[in-house]
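A look at the structure
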Amino acid sequence: MDYSPEDNWRVNPALSGGGYFHDLSPHQLDLMLYFFGEPEYYAGHGLNQSRY
């Protein structure tokens, strides 16, 4: 298989909607919910470190 960035839809945001994070992270979250159940509370923090 050819995994070069030009041909890999997973790293092309125009095709994938955001790259590897948007492709794989929802599955990891689904597994955590399956194994551990619903959280008792939610909390989060967002930070843009790219300076753009």
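Our structure's up above, just so we're on the same page.
The notes below deal with the structure included here. (Residues numbered from 1 in each chain as written. Predicted model: local features only at pLDDT ≥ 70, side-chain atom pairs only at ≥ 80, totals over all residues. Heavy atoms only, no water.)

Describing the overall build of the chain
Note the cut-off: A run of H or I in DSSP counts as a helix once it spans at least four residues, and a run of E counts as a strand once it spans at least two, with each numbered from the N terminus. A simple rule labels every residue: compare its accessible area, found with a 1.4 Å probe on the protein chains alone, to the largest value its type can have, and call it buried under 20%, exposed over 50%, or partly exposed in between. All accessibility values rest on the Shrake-Rupley procedure with a 1.4 Å probe; residue burial counts only the protein chains present in the view.
Of regular secondary structure, the chain possesses 2 helices and 0 strands. Here the chain holds 52 residues, and 10% of them are scored as buried. Surface exposure of the chain reaches about 5,300 Å², of which carbon and sulfur atoms provide 59%.

Some remarks on the packing of aromatic side chains
Under the convention used in this document: Each Phe, Tyr or Trp ring (for Trp, its six-membered ring) is paired with any other whose centre lies within 6.5 Å, and the angle between the two planes then decides the class: stacked below 30 degrees, edge-to-face above 60, tilted in between.
Taken as a whole, this structure holds 1 aromatic pair when the rule is applied. Summarising the aromatic geometry, the rings of Tyr34 and Phe35 are spaced 5.5 Å apart at their centres and angled 65° between planes, so their arrangement reads as edge-to-face. The exposure class of Tyr34 is exposed, given its relative accessible area of 66%. With a relative accessible area of 58%, Phe35 lands in the exposed category.

A few points about a nonpolar patch on the surface
How we decide: The patch calculation keeps residues exceeding 30% relative accessible area without a salt bridge and links them within 9 Å when they carry like charges or within 5 Å when they are nonpolar (Val, Leu, Ile, Met, Phe, Trp, Tyr). The salt bridge criterion pairs a side-chain nitrogen of Lys or Arg with a carboxyl oxygen of Asp or Glu, the two atoms within 4 Å.
Residues Leu29, Leu31, Met32, Tyr34, Phe35 and Phe36 make up a contiguous nonpolar surface patch of roughly 780 Å² in combined accessible area. Examined against the element boundaries, Phe36 turns out to sit in helix H2 (residues 20–36).

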